[in-house]
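Architecture and fold: a report
One-letter residues, chain by chain:
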Amino acid sequence: MAGAYDGSYSDGRTAAMHEVVAQARGDGLHINSKTGDFEEHWRYGDVRAIDPPRSDIPFRLTSQTMPDARLSVNSAEFVADLRHQAPQLFLTGLAQPTLRRNIALIILALCALGLLLWQGMPHLSAPLAHLVPAQWAQNIGETYRSRIISGAPVCNDASGTAALAVMTRRLTNSLSPPLNVDVIVADKAQVNAFALPGGHIVIMRGLLEKAGSSDEVAAILAHEIGHVSHRHPLQMGIHVAGIGMMVDLFTGEGSSLMEMAGEVGGLLLLLNYSRDMEREADAYGRKLMGTAGLSTGAMARFFARLKPEGKKGGNGAENGGGYFSSHPPLEERIDAATKLETGQSVLNNADWMALKNICG
Ligand SMILES: [Zn+2]
């Protein structure tokens, strides 16, 4: 028979301390108010020691079912009774099953993360990119877009915008399932174009000026649509932002990528696609051009046009880190000049002129 020990008890809802009698019985801890106005019954599975028992202070306990409640008993015999009934209460450190389980989980998680960072990220970024919710990708893409055009106006001449829509439709019409792309021209002198998460594509005015035909622009656009279709922008984000992105993915916030977008270095890193990605986008772009009945050699013609400048200016300031530097030349791109020439243009001359002048 368990002894009955004097103690004090608070239910945690009010500051009132009650004189109680505590008993460690076979079926749990019984707490009876000395005045008879309440009694509590805590199952041992729910009971927690606030601190390990000491001889100089009362032993304090609580229950998971009433985490604010406190029972204090100043009796070594009570502690001995309790130890007999519920030895797990007195395990310390690693001997506690819950702590052991938590530590094991933390170690497992750290190993998984380490493995991911060490070698898994490049392999995982592609499947992960397909898990990112569309709305979230949209939001990230919009943030990037505003950073990339950094205050430059979005060109919106009506006939130029219509011509751009004709070009985009011509390329994407055949896609099944349809691909959501949102193409804008930014009023910037850079000879460049970008694909961003969420189907956003930015073409800089400088690229329109540099291009020798609407087909060359279409070829660049088709290539960028290839990046969108393969979700390369998100893959790069996941690859570069690493753990932060993983956390974002599960919290749904996207703040790591947002932060990256805030730093020019991070942004450039994000747009620095691998050669394999460039190859994929090239192949996709050529297919789109071919399906639309357009010359698949247009991309190579555009690159040939850029090449002398690329050599003169290197990757540096002269061409403003342009298309050549963010799209390192692939041999097959230059060789591709021999590809199918259909003699058809994506835009008629009037529309091409309108597109060239979209920035007014
Ligand atoms: Zn590219």
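Residues numbered from 1 in each chain as written. Predicted model: local features only at pLDDT ≥ 70, side-chain atom pairs only at ≥ 80, totals over all residues. Heavy atoms only, no water.

Quick look at the overall build of the protein
On a plain count of helices and strands, the protein comes out with 14 helices and 10 strands. Expressed as a percentage of the 360 residues in the protein, the buried residues total 45%. Considering only intrachain contacts with a sequence separation of at least 6, the fraction spanning at least 24 residues in the protein is 61%. Working note: accessible area of the protein is about 17,700 Å², and carbon and sulfur atoms make up 56% of it. (Helix = DSSP H or I, 4+ residues; strand = E, 2+ residues; numbered from the N terminus. Buried < 20%, exposed > 50% of the residue type's maximum accessible area, 1.4 Å probe, protein only. Contact = heavy atoms within 4.5 Å. Areas by Shrake-Rupley, 256 points an atom, 1.4 Å probe, with all protein chains shown as cover.)

Examining the pattern of salt bridges
Within this structure, the stated rule accounts for 10 salt bridges. The partner of D6 in a salt bridge is K34, with the nearest N and O atoms 3.1 Å apart. With D6 in strand β1 (residues 5-10) and K34 in the loop between β3 (28-33) and β4 (39-42), this residue pair connects regions lying 28 residues apart in the sequence. Where R145 meets D182, a salt bridge forms, and the shortest distance between an N and an O atom there is 3.3 Å. Note that R145 is positioned in helix α3 (residues 134-149) and D182 in strand β8 (residues 182-186), a separation of 37 residues in sequence. With relative accessibility at 35%, the residue D182 sits in the partly exposed group. Among the ionic contacts, a cluster of salt bridges with common partners joins D187, R205 and E209. (Salt bridge = Lys/Arg side-chain N within 4 Å of Asp/Glu carboxyl O.)

Notes on the state of the cysteines
Scanning all chains against the criterion turns up 1 disulfide. Paired by a disulfide, C155 and C359 hold their sulfur atoms 1.9 Å apart. Its S-S torsion of approximately 85° makes the covalent link between C155 and C359 right-handed. Of this pair, C155 sits in the loop between α3 and α4 (158-172) while C359 sits in the segment after α14 (349-356), and the two are 204 residues apart along the sequence. (Disulfide = S-S within 2.5 Å.)

A look at the sheet that holds β4
Spatially, 7 strands are ordered β4-β3-β2-β1-β7-β6-β5 in an open sheet, and the strand pairing comes out antiparallel. Two strands lie at the open edges of the sheet, namely β4 and β5 (47-49), each paired on one side alone. On average, each strand axis in the sheet is tilted by 30° relative to the strand beside it, whichever way the strands run. For strand β6 (residues 59-63) and strand β7 (residues 66-73), the ladder comprises 4 bridges, and the chain directions are antiparallel. Residue pairing in the sheet places R60 in a bridge with S72 of β7. (Pairing = 2+ DSSP bridges. Axes fitted to C-alpha atoms, helices over the stretch in contact; angles between N-to-C directions.)

Here's the deal with the environment of A186
With respect to the element layout, A186 can be found in strand β8. A186 sits in the buried class, given a relative accessible area of 0%. Residues A186 and C359, spaced 173 residues apart in sequence, show a C-alpha to C-alpha distance of 7.9 Å. Not counting chain neighbours up to four residues away, the residues in contact with A186 comprise I149, P153, C155, V202, I203, M204 and R205.

Quick look at the pairing of β1
With 5 bridges joining them, β1 and strand β2 (residues 18-25) adopt antiparallel strand pairing. Following the sheet pairing, S8 is matched in β2 by E19. Note that β1 and β7 share 4 bridges and pair antiparallel. Within β7, the residue paired with S10 across the bridge is R70.

Here's the deal with the packing of aromatic side chains
One pass over the structure, following the stated rule, counts 5 aromatic pairs. Seen in terms of ring centroids, Y5 and F78 are 5.7 Å apart; in terms of plane orientation they differ by 65°. Their pairing is edge-to-face. Of this pair, Y5 sits in strand β1 while F78 sits in helix α1 (residues 76-85); the two residues are 73 residues apart in sequence, bridging distant segments of the chain. The exposure class of Y5 is buried, given its relative accessible area of 15%. (Phe/Tyr/Trp six-rings, centres within 6.5 Å; stacked < 30°, edge-to-face > 60°.)

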